[in-house]
Amino acid sequence: MSDQRLSQNTEPARTAMPSGRRLIMRSGVLLAGMGLIGALLFLLLPWFQLSRGGRSLAAGNAEQAAVFLLQAVERLPESAFAWRRLAQAELMRGDPAAVVVALEQAYALTPTDPLVLHELALAHEAAGDYTAADAQWQALGIDPDKKAVYGSAAFSSKQYAAAVPWFVRTLRTGGALDPVQQFQFGVAAVLTNAAEAVPLAGPYTPQVEPAGRVPGAQLRWITAHPRYSVASGAFLTQEAGSGAGVLFWNGAAVVVLDNTHTGRAFLRIRARHSRPAPIRLAVELQGRRIGGFDLDRGTAQSLSHTLLVDTTAGPQAVVITFLNDGAVDGVDRNAVIEWVELIPAN
């Protein structure tokens, strides 16, 4: 017998693992894997709910967002971000009390976060608790003088809806508004239809003129001139010998008309074909750009420009902006507004 055959015959036989044991081991591995996956899903679920809530908020679905975010804060009670997200959903749902509850949780977790303090102050105001709101503003270091400055800054950037509450906060906490701020407050209140705020503005708020014809010299600058010491709220320069007002730089001027008519109306503006042509003007009503017109003849003739507009009863702010101030061959270009009127179309 050869050595090779002897080697083959004398090799120990291998014992096969019973099939039942293999099945048990495979099942154990499978169960361990499933357990790991389950644990991961359990850990990731609240973040998934938080993400779904954010997407629902972005889509404008407040009810669905609130459901997901309530589930998220149950599993992530130490997450100030999750509580703030829930507050956003409750705000969208129109529940200011629930907004306060959510933000108070966020505030307890991050008591030095100025953003949470700011949001909580706004939430207290929305819920009608002005004492708590003012305490939050004070905690942020925002005194009445700063509130007035913030109101002016919002007005100057045309954020009229933000300007009004800052001015209201100023007065509510014992502050005072200077003449320019009173004017800005009054204009912003009209532009945002905050009729209840108009009487608070003070004596320098724009006078509400009858909706009929108003001389151009009754328009008042919204924006201050950077060099000529023309303050916001100052009347336009009156043209000698007439009631016309002169726009002498690229600024905007306003007149507030007491409209008694809801519905279609004619807004008419009479302006001059001054030299050097063209004169370019833009027109806004209640903060909306409704048109504009050019005066391109340079003949000193007058033009009545008519716009058909939709109005509501009550004060209506008409804003006229001069767009192309400048000088040509030594001649200064100015826009001359003779009058403005608002009359019902039917």
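Let me begin by describing the structure that accompanies this report. These numbers come from a predicted model, not from an experiment. The numbering scheme is per chain: residues are counted from 1 as the chain's sequence reads. This being a predicted model, a pLDDT of at least 70 is required before a residue's local features are given, and a value of 80 or more before pairs of side-chain atoms are given or counted; all residues contribute to the totals for chains, interfaces and linings. To get the side-chain values, take all heavy atoms of the structure and skip hydrogens and water.

### Overview of the nonpolar core
- Among the buried residues, those of types Ala, Val, Leu, Ile, Met, Phe, Trp, Tyr and Cys that are joined through side-chain atoms within 4.5 Å form a nonpolar core. Exposure categories follow from relative accessible area, calculated using a 1.4 Å probe and restricted to protein chains: below 20% of the type maximum is buried, above 50% is exposed, and the middle band is partly exposed. With 33 residues, the main nonpolar core has Leu247, Leu267, Leu281, Val318, Ile320, Ile337 and Val340 as its most contacted residues.
- Where this core is concerned, the elements lending two or more residues are β5 (245-247), β6 (252-259), β7 (263-272), β8 (279-285), β9 (288-295), β10 (302-311), β11 (314-322) and β14 (335-344).
- Each helix corresponds to a stretch of at least 4 residues labelled H or I by DSSP, and each strand to a stretch of at least 2 residues labelled E; elements are numbered beginning at the N terminus. When residues of this core are assigned to their parent elements, the largest contribution, five residues, is made by β14.
- Contacts are assigned to residue pairs that have any heavy atoms within 4.5 Å of one another. Setting aside residues no more than four positions away along its own chain, Val318 makes contact with Ala253, Val254, Val255, Leu257, Leu267, Val283, Glu284, Leu285 and Val340.
- Judged by nonpolar contacts, the second largest core, of 24 residues, contains Val164, Phe183, Ala188 and Ile222.

### With respect to the packing of aromatic side chains
- Pairing of aromatic rings covers Phe, Tyr and the six-membered ring of Trp, with a centre-to-centre limit of 6.5 Å; geometry is then stacked below 30 degrees between planes, edge-to-face above 60, and tilted otherwise. As enumerated under the stated definition, the model contains six aromatic pairs in all.
- With centroids separated by 5.2 Å and ring planes inclined at 65°, the aromatic side chains of Phe155 and Tyr160 adopt a geometry described as edge-to-face. Judged on exposure class, the residue Phe155 and its partner Tyr160 are both buried.
- Relative to Trp249, the ring of Trp221 has its centre 5.7 Å away and its plane inclined at 40°; by these criteria the two rings are tilted.

### Points about the environment of Ser79
- For Ser79, the location among the structural elements is in the loop between α3 (62-75) and α4 (80-93).
- The class of Ser79 is buried, set by a relative accessible area of 14%.
- Each C-alpha atom, one on Ser79 and one on Leu109, is 7.7 Å from the other, the two residues being 30 residues apart in sequence.
- Under the rule applied, a polar contact is a pair of N or O atoms within 3.5 Å (in protein, one hydrogen donor and one hydrogen acceptor; residues adjacent in sequence only if both atoms are side-chain atoms). A polar contact is formed between the side chain of Ser79 and the backbone nitrogen of Ala82, at a distance of 3.1 Å.

### Concerning the packing of helix α8 (residues 144-156) against helix α9 (residues 160-172)
- Relative orientation of the contacting elements α8 and α9 amounts to 160°, with a least axis distance of 8 Å. Classified by the angle their axes make, α8 and α9 are roughly antiparallel. Our pair here, α8 against α9, has a crossing hand that is left-handed. For the pair α8 and α9, the contacting residues are Pro144, Lys147, Ala148, Tyr150, Gly151, Ser152, Ala154 and Phe155 in the first and Tyr160, Ala162, Ala163, Trp166, Phe167, Arg169 and Thr170 in the second.
- Asp, Glu, Lys and Arg are counted as charged, while Ala, Val, Leu, Ile, Met, Phe, Trp, Tyr, Cys and Pro are counted as nonpolar; the rest, among them Gly, fall into the polar class. The class makeup of the residues in the contact of α8 with α9 is ten nonpolar, three polar and two charged. Fitted lines through C-alpha atoms serve as axes, helices being fitted only where they are in contact, and the angles separating the N-to-C directions of these axes extend from 0 to 180 degrees. By the definition adopted for this analysis, an angle is roughly parallel if under 35 degrees, roughly antiparallel if over 145, roughly perpendicular if from 65 to 115, and oblique otherwise. Here is the rule for handedness: rotate from the far helix to the near one, and if that takes an anticlockwise turn smaller than a right angle the crossing is left-handed, while a clockwise turn gives right-handed.

### Quick word on helix α6 (residues 114-126)
- By this rule, a helix spans an expected 1.5 Å times one less than how many residues it contains. The end-to-end C-alpha distance of α6 is 18 Å, a good match for the 18 Å that 13 residues give at a rise of 1.5 Å each.
- Those residues of α6 that are buried are in contact with α4, α5 (96-109), α7 (130-139) and α9.
- In this structure Asp113 caps α6, since a side-chain oxygen of it lies 2.9 Å from the backbone nitrogen of Leu115.

### Section: the side chain of Asn259
- Tracing the chain through its elements places Asn259 in strand β6.
- Look at Asn259 and you get buried, because its relative accessible area is 4%.
- Here His261 takes part through its backbone oxygen, which lies 2.5 Å from a polar atom of the side chain of Asn259.
- Leaving out residues up to four positions away in the same chain, Asn259 has contacts with Ala211, Thr311, Thr312, Ala313, Gly314, Gln316 and Leu342.

### So, the packing of α8 against helix α10 (residues 179-191)
- Here α8 crosses α10 at 55°, and the two axes come no closer than 10 Å. Considered as vectors, α8 and α10 are oriented oblique to each other. Handedness of the α8/α10 crossing: left-handed. Across the interface between the two elements, Ala148, Val149, Ser152, Phe155 and Ser156 from α8 touch Gln181, Gln184, Val187 and Ala188 from α10.
- Taken together, the residues of the contact of α8 with α10 break down into five nonpolar, four polar and no charged.

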